[in-house]
Number of protein chains: 2
Amino acid sequence: MMSISFPEEVTIVEMLPRDGFQRFPRWVPTEEKIAIIDDLSRVGLPEIEVTSFTHPDVVPNLRDAEAVVSGITRRSDVVYRALVPNVIGTNRAIDAGIDKVNALITASPEYNRRNQNMTIDENLVVISEIIDIGHDSGLTVEAGIGMSFFSPYEGRIAKSQTLRIVEEVIGFGVDEVTLATSMGMANPVQVADVVSTIYRRFPDVDLGLHLHDTNGMSLANTIVAMQLGIRRFDCSIGGLGGGVILPDAMENIGNTPTEDLLNMLREMNVESGVDFEAIVTIARDTLTALDVPASSHVLMGGIPEVVLAQNR
Amino acid sequence: MMSISFPEEVTIVEMLPRDGFQRFPRWVPTEEKIAIIDDLSRVGLPEIEVTSFTHPDVVPNLRDAEAVVSGITRRSDVVYRALVPNVIGTNRAIDAGIDKVNALITASPEYNRRNQNMTIDENLVVISEIIDIGHDSGLTVEAGIGMSFFSPYEGRIAKSQTLRIVEEVIGFGVDEVTLATSMGMANPVQVADVVSTIYRRFPDVDLGLHLHDTNGMSLANTIVAMQLGIRRFDCSIGGLGGGVILPDAMENIGNTPTEDLLNMLREMNVESGVDFEAIVTIARDTLTALDVPASSHVLMGGIPEVVLAQNR
């Protein structure tokens, strides 16, 4: 008889300030970003990706990265992380005083060429430099491997391509590795295959998952990943984020919504340290302020409390 | 090292004609129902729940049960099943010439009292009669246990309550048992707990799952159930169905959408025998004809084909 077990606790990382805002259809004022990050800092989230140190022409929505980092009220129990695509961005992040950088590379040669303007080999050299520079300044460095499962140009990504990058960045001494599915096209079999292969080859790797929900499988993928040992998941308030190159109808479907992930975890008695009620309040207030319709199940009322109250 | 395996094939049961139409906001003409069922009969679906033999005052939308069953073009490779709440309905179903009945009971005393007008013990007697009558006429009889995990009145349902009903109906000689979550409030830990307990006590039971997606966990629950041995899943085109007593904002979130379940299965290389493209066409045409907005991930474009075509 097969039995299934889940971890007692997991770490969740809030992506709204970076992934949610980077392609948001309008400019979100710096003060609004700072207020949201300060709210997010007070609800038990262990880590927040607060911005991206990218060239302002490439991601104009996050051109205020320095102002955001200097404006927020830092708490000692929260890790403030930023995305960095290159050495210039890393130096800016260090100067701004960030705790941790998420160094970006993708497993898709074509996507890497078009969006990063580098071959994967060139990008790997950059990653090794970011790791060295970051470590010299006492930062934690994570490698975020975009398109780990699927590329909008090449389709499904061969496991060997993702594995090669994992192997290289581990060789460079990276602290953490995150497999990202910005296209939201991973499935439970593929996740199980890639993750279990990585753990077999690198049993000590600190591995995380950054899932998008384009195909509706992000919680199913999370379940499989938890069973295999993954304990760190990115997510975003209201599911905001991503939508890099997706069908129009999917503009409201981005990252795994933080509130939906948290709801599943609390229902499963998996501890995250995050205050569910407080996250729901932030999610509701934030989507209202941004004038974005609720698309997460929790915000539509898909929790026991709402169903029971409706029938009292 | 933990490893995860999934089945090579599963059976999916289409619920649209019954669960999708029973509380649909307007009357769907008999000819339209028949045309949809005939379309569904041609795409490889092994089983379709075509109607419910309920008192017409209780479910007026399905008051044409006899006309639907006599009007459809039956195929020998499709099982045509109907929901029956009592002996009268069972006799009507037999007279109409159905292949299989889904005998309804719930694990919630309060829900059973309000909606079935019986205590659970009274309902169990009825189920045993339905099984006998059905078997005498050569029908397959399934027991559909509603509220197996959560009730809108009592909240979470104790495993012992569901188990007691499973034990009784197996004792009566039922052919199949289906655990239903019409409230869509089950979670992977609870599903794993209930399902593995049932298999431990009744290793030979033919167990199926009828999931709704109110909390967004229906595919996650499916993944866990597949790992534990479940091979039969109910679903509904466009996710139509359910919404018994749910928050207003959730009116478009019902059963697991057939096209989303199928997409996950094909991506995982789990065989269902169902033609995915044909289902997507039926889903699109049906929702258009019914004037219902698409809420499934597949219909919004969350499949590799759409993403790749968009970026060619």
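What you see is a predicted model; the values in this text were computed from it and never measured.

Scoring rules and cut-offs
- Counting restarts for each chain, with residues numbered from 1 along the sequence as it is written.
- Lettering of chains starts at A and numbering of ligands starts at 1, both following the order in which they are written.
- Local features are withheld for residues below a pLDDT of 70 in this predicted model, meaning they are given only at 70 or higher, and side-chain atom pairs are given and counted only at 80 or more; totals for whole chains, interfaces and linings count all residues.
- Numbering of helices and strands runs from the N terminus; a helix is a DSSP stretch of H or I covering at least four residues, while a strand is a stretch of E covering at least two.
- Computation of the radius of gyration draws on C-alpha atoms alone. For the globule rule, the value is 2.2 Å times the number of residues to the power 0.38.
- Residue pairs qualify as contacts under a 7 Å threshold applied to their C-beta atoms, which are placed from the backbone.
- Superposition of the copies was done by least squares, using only C-alpha atoms of residues whose pLDDT is at least 70 in both.
- Any residue outside Ala, Val, Leu, Ile, Met, Phe, Trp, Tyr, Cys, Pro, Asp, Glu, Lys and Arg is labelled polar, Gly included; the first ten of those are nonpolar and the last four are charged.
- Note: pLDDT gives the predictor's confidence per residue, expressed from 0 to 100.
- Each residue is classed by its C-beta neighbour count within 10 Å, where at least 20 other C-beta atoms makes it buried, 12 or fewer makes it exposed, and intermediate counts make it partly exposed; the C-beta atoms are placed from backbone geometry.
- In this analysis, strands are considered paired if DSSP registers two or more bridges between them.
- Helix axes use the C-alpha atoms of the stretch in contact, all axes being lines fitted to C-alpha atoms, and the angles between their N-to-C directions lie in the range 0 to 180 degrees.
- When the near helix sits turned anticlockwise from the far one by under a right angle, the crossing is termed left-handed; a clockwise turn instead gives a right-handed crossing.

Moving on to the overall build of chain A. Counting its secondary structure elements, chain A contains twelve helices and ten strands. Taken over C-alpha atoms, the radius of gyration comes to 18 Å for chain A, in line with the 20 Å a tight globule of 312 residues would show. Seen through its principal axes, chain A has C-alpha atoms that stretch 60 × 55 × 40 Å. Across chain A, contacts joining residues at least 24 apart in sequence account for 72% of those joining residues at least 6 apart.

Let us look at the relation of the copies chain A and chain B. Rotating chain A by 180° about the axis while translating it 0.0 Å along that axis superimposes it on chain B, leaving an RMSD of 0.0 Å. Seen this way, the second copy is the image of the first under a two-fold rotation axis. The C-alpha atom lying nearest the rotation axis in chain A is that of A:Ala220; the distance is 1.9 Å. A share of 100% of interface residues in chain A that are also interface residues in chain B marks the association as one of identical surfaces.

A few words now on the interface of chain A and chain B. Quite often, the size of an interface is put as the accessible area lost when its parts meet. With 53 residues of chain A at the interface, the matching set in chain B holds 53 residues. Going through the elements one at a time, α8 (188–201), α9 (218–228), α10 (258–267) and α12 (304–310) of chain A are the ones with two or more residues in the side of chain A that touches chain B. Per-class residue counts for the side of chain A that touches chain B are 33 nonpolar, 17 polar and three charged.

Taken residue by residue, chain A gives an average pLDDT of 94. The fraction at 70 or more is 96%. Interface predicted TM-score (ipTM) for the complex: 0.96; the corresponding pTM is 0.97.

Let us now look at helix α9 (residues 218–228) of chain B. Along an α-helix, a turn takes 3.6 residues, which lines up residues three or four apart on a common side. Residue and element names in this part refer to chain B. Of all eleven residues in α9, ten are buried; the element is thus mostly enclosed. Within the sequence span of α9, burial applies to Ser-218, Leu-219, Ala-220, Asn-221, Thr-222, Ile-223, Val-224, Ala-225, Met-226 and Gln-227. Taken from the residues just after α9, Gly-229 is the one with a positive phi, measuring 120°.

A separate point is the sheet that holds strand β5 (residues 140–146) of chain B. Residues and elements named next belong to chain B. Sheet architecture is closed into a barrel: eight strands sit in the order β1-β2-β3-β4-β5-β8-β9-β10, paired in parallel fashion. Ignoring strand direction, the axes of neighbouring strands in this sheet form an average angle of 25°. Pairing of strand β4 (residues 100–106) with β5, which is carried by seven bridges, proceeds in the parallel orientation. Its bridge partner lying in β5, Ala-103 is registered against Ala-143.

As a further point, take the packing of α9(A) against α9(B). The interhelical angle for the contact between α9(A) and α9(B), taken along N-to-C directions, is 40°, at an axis separation of 7 Å. Both α9(A) and α9(B) take part in a crossing whose hand is right-handed. Counting all contacts with α9(A), which are made through A:Leu219, A:Ala220, A:Ile223 and A:Val224, the residues of α9(B) involved are B:Leu219, B:Ala220, B:Ile223 and B:Val224. Broken down by class, the residue content of the contact of α9(A) with α9(B) amounts to eight nonpolar, no polar and no charged.

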